[in-house]
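# Chain and residue survey
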Amino acid sequence: MIEDRDAYDELLEKHKEDNMFLVFKFGAEWCGPCKRIDPHYKEYKEIALKRGVAVEFHYLDIDEESIMDLMSDDLDLKVVPHFLIVRNGEVVSTLQTSQRDALFEFLDTYLI
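This one's a predicted model, so the numbers in the text were calculated from it and none came from an experiment.

Looking now at the packing of helix H2 (residues 32–51) against helix H4 (residues 100–111). Their axes nearest at 10 Å, the elements H2 and H4 cross at an angle of 30°. Taken together, H2 and H4 sit at an angle that is classed as roughly parallel. Read as a crossing pair, H2 and H4 show a hand that is right-handed. Facing H2, whose interface residues are Ile37, His40, Tyr41, Glu43, Tyr44, Ile47 and Arg51, H4 presents Arg100, Leu103, Phe104, Leu107, Asp108 and Leu111. For the contact of H2 with H4, the class distribution of residues is eight nonpolar, one polar and four charged.

In structure tokens form, the structure reads like this:
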């Protein structure tokens, strides 16, 4: 789990030039849709690792103030659960969903 804005920024800087995909799930413990999609996010993580995709999966809790600021102010993401794909320090795409099929289709577009 990414605990604050500084950790997020450090992770982006670390992978700025290595072509690795970073997938972030923005959510909260109190969020019902976030809880429903979590097993599918974990399932896709296992699939990607078995396929040997160069990717890291991370979770950001919006109850942390700096994470909420990052989500709303910098990334202009409005609702959770929200997924973000980053490569070489740049946002590739985002998706707001709590549906397994939509999440898998979104991730498959970039990761296979």
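Counted by the stated rule, this structure contains one disulfide. Here Cys31 connects covalently by a disulfide to Cys34, the sulfurs 2.5 Å from one another. Across the S-S bond linking Cys31 and Cys34, the dihedral sits near 75°, which makes this disulfide right-handed. For Cys34, a relative accessible area of 2% puts it in the buried group.

A word on the environment of Leu95. The topology assignment puts Leu95 in strand S4 (residues 90–96). Spatially, the C-alpha atom of Leu95 lies 9.7 Å from that of Val80, the residues being 15 residues apart in sequence. Aside from chain neighbours lying at most four places away, what touches Leu95 is Pro81, His82, Phe83, Ala102, Leu103 and Phe106.

Let's shift gears to the sheet that holds S4. Pairing is mixed across the open sheet formed by four strands, whose spatial order is S2-S1-S3-S4. A single partner strand is all that each edge strand has here, and the edge strands are strand S2 (55–61) and S4. With strand direction ignored, the average angle separating the axes of adjacent strands in the sheet is 20°. In this structure, strand S1 (residues 21–27) lies alongside strand S3 (residues 82–87), joined through six bridges in antiparallel fashion. Counted as the bridge partner of Lys25 is Phe83 from S3. Those strands touched by H2 are S1, S2 and S3, and its axis lies near 165° from that of S1. Set on the sheet, H4 makes contact with S1, S2, S3 and S4; between it and S4 the angle comes to about 165°.

Calculation rules
Per-chain numbering applies: the sequence of each chain, read as written, is numbered from 1 onward. Totals for whole chains, interfaces and linings use every residue, but because this is a predicted model, local features are given only for residues with pLDDT of at least 70 and side-chain atom pairs only at 80 or more, for both listing and counting. Water and hydrogen atoms play no part in the side-chain values, which are based on all heavy atoms of the structure. To define axes, lines are fitted to C-alpha atoms, for helices over the stretch in contact only, and angles between the resulting N-to-C directions are given on a 0 to 180 degree scale. Runs of E in the DSSP output that reach at least two residues are strands. Runs of H or I that reach at least four are helices, and both are numbered from the N terminus. Orientation is classified from the angle alone, with under 35 degrees giving roughly parallel, over 145 giving roughly antiparallel, 65 to 115 giving roughly perpendicular, and any other angle giving oblique. Less than a right angle of anticlockwise turn of the near helix away from the far helix marks a crossing as left-handed, whereas a clockwise turn marks it as right-handed. By definition in these notes, contact holds between two residues if any of their heavy atoms fall within 4.5 Å. Note that Gly is not counted as nonpolar here; it falls among the polar residues with everything else outside the nonpolar set of Ala, Val, Leu, Ile, Met, Phe, Trp, Tyr, Cys and Pro and the charged set of Asp, Glu, Lys and Arg. To count as a disulfide, a pair of cysteine sulfur atoms needs to be within 2.5 Å. Relative accessibility decides the category of a residue: with a 1.4 Å probe and only protein chains considered, values under 20% of the type maximum give buried, values over 50% give exposed, and everything between is partly exposed. Paired strands are those between which DSSP finds at least two bridges.

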